[in-house]
Amino acid sequence: MLLLLSHVLLLAGDWKKVEHPPEEGVEGATPTYARVRHGSGKFIHGDYEYEGEFVDDQMSGKGVFKFASGASYDGEWKDNQYSGQGTFCWADGTSYTGEWASNK
């Protein structure tokens with residue numbers, strides 16, 4: 001599925017439907033539903049780009065994020081953070097490859 005929200009935001013890839021239960025104590029309330037990125041996909045926002053795996057609308061699994069500065073991170077993600085094995089390359093060409101936890 002491809003979703004173009006504006007000229008700077010592109011979401012493409014796999015989606016799943018998530019049910020949010022109705023508010024307790026509200027008579028006649030019904031559940032609401034949302035579509036979230038789940039599986040492989042691509043996210044582009046201006047000069048920022050991520051291509052890889054999503055779990056429940058979070059960058060999780062393997063993926064590559066490219067920054068506007070020219071820097072990039074290629075590796076494992078968990079809950080939108082660098083987590084696991086990965087390589088960060090700065091715009092000047094220097095890089096660090098190793099283990100990451102909570103973006104550090």
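Residues numbered from 1 in each chain as written. Predicted model: local features only at pLDDT ≥ 70, side-chain atom pairs only at ≥ 80, totals over all residues. Heavy atoms only, no water.

**Regarding the environment of Y73**
With respect to the helices and strands, Y73 occurs in strand 6 (residues 72–78). Separated by 22 residues in sequence, Y73 and S95 place their C-alpha atoms 9.5 Å apart. In this structure Y73 touches G63, V64, F65, F67, Y82, S83, G84, Q85, G86, T87, F88 and W100, once residues within four positions along its chain are discounted. Here the side chain of Y73 touches E76 through a polar contact of 2.9 Å, landing on its backbone oxygen. (Helix = DSSP H or I, 4+ residues; strand = E, 2+ residues; numbered from the N terminus. Contact = heavy atoms within 4.5 Å. Polar contact = N/O pair within 3.5 Å; in protein donor to acceptor, adjacent residues only side chain to side chain.)

**Describing the packing of aromatic side chains**
Counting across every chain of the model gives 16 aromatic pairs. With 4.1 Å between their ring centres and 20 degrees between their planes, Y73 and Y82 make a pair best called stacked. The exposure classification of Y73 matches that of Y82, with both residues buried. With a centroid separation of 5.3 Å and an interplanar angle of 80 degrees, the aromatic rings of Y96 and W100 are classed as edge-to-face. With a relative accessible area of 38%, Y96 lands in the partly exposed category. Given the relative accessible area of 11%, W100 is considered buried. What links up through ring pairs into an aromatic cluster is the set Y48, Y50, F54, F65, F67, Y73, W77, Y82, F88, W90, Y96 and W100. (Phe/Tyr/Trp six-rings, centres within 6.5 Å; stacked < 30°, edge-to-face > 60°. Buried < 20%, exposed > 50% of the residue type's maximum accessible area, 1.4 Å probe, protein only.)

**What to know about the confidence of the model for the protein chain**
In this model, the protein chain carries an average pLDDT of 86, and 89% of its residues clear a pLDDT of 70 or more. Predicted confidence in the protein chain is weakest over strand 1 (residues 2–6), with a mean pLDDT of 47, and strongest over strand 6, with 98. Across residues 2–8 the pLDDT falls below 50, and counting only partners more than four positions away or on other chains, this stretch makes 13 contacts in the model. (pLDDT = per-residue confidence, 0-100.)

**Focus on the pairing of strand 5 (residues 58–66)**
Successive residues of a regular strand alternate their side chains across the two faces of the sheet. As paired elements, strand 4 (residues 48–55) and strand 5 share six bridges and run antiparallel to each other. Across the sheet, G52 pairs through a bridge with G63, a residue of strand 5. Summarising the sheet, strand 5 and strand 6 pair through six bridges and their orientation is antiparallel. The residue of strand 6 that forms the bridge with G61 is W77. (Pairing = 2+ DSSP bridges.)

**Overview of unusual backbone geometry**
Notably, D79 is not glycine yet its phi reads approximately 55 degrees, a positive angle. For D79, the position within the fold is in the loop between strand 6 and strand 7 (81–89). For D79, a relative accessible area of 45% gives the class partly exposed. Unusually for a residue other than glycine, S102 sits at a positive phi of about 55 degrees. Tracing the chain through its elements places S102 in the segment after strand 8 (95–100).

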